[in-house]
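Structural overview for review
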Amino acid sequence: MHHVRFTVATLHVERTELHLLYADLVVVRHPGAEDLDWECVAATLPGPTYAREPHQLTMVVLDDGRTLRGDAVVVRSDDQRHVFRGVGPLEGLEPGEVPGA
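Because the structure is a prediction, the values reported are computed rather than measured.

**Looking at the pattern of salt bridges**
- With the rule as written, the count across this model stands at 5 salt bridges.
- We note a salt bridge from R85 to E39, for which the minimum N-O separation is 2.7 Å. Highlighted residues: R85 in strand β7 (residues 81–86) and E39 in strand β4 (residues 37–44), separated in sequence by 46 residues.
- When its relative accessible area of 42% is taken as the criterion, R85 is described as partly exposed.
- The class of E39 is partly exposed, set by a relative accessible area of 24%.
- For the salt bridge of D78 with R81, the shortest nitrogen-to-oxygen distance reads 2.6 Å.
- On the basis of relative accessible area, D78 is assigned to the partly exposed category, the value being 23%.
- Residues joined in a network through salt bridges with shared partners are D64, R66 and E97.

The rules behind these values
- Residues numbered from 1 in each chain as written.
- Predicted model: local features only at pLDDT ≥ 70, side-chain atom pairs only at ≥ 80, totals over all residues.
- Heavy atoms only, no water.
- Salt bridge = Lys/Arg side-chain N within 4 Å of Asp/Glu carboxyl O.
- Helix = DSSP H or I, 4+ residues; strand = E, 2+ residues; numbered from the N terminus.
- Buried < 20%, exposed > 50% of the residue type's maximum accessible area, 1.4 Å probe, protein only.

Have a look at this one:
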């Protein structure tokens, strides 16, 4: 399994910007798989809780300022901790950027 990790500077769930304390995006390539798996984990100031359903995420990466976007399902969400698992491609990331391509 190969992966890359990004620190997220800003995170929008649909059109709502979360007030981040910290957010991390991990993108994984499993052996023999063409598609990438990804997950975003965020810690926030108290705010909304998201239903366990798909949402569109828009993330700006801290290091290079690029925008990554994709649909993700909520794994867990309370007023300060959120875990989103990608359910499709991640726009803005080329497959070759994850080792093992």
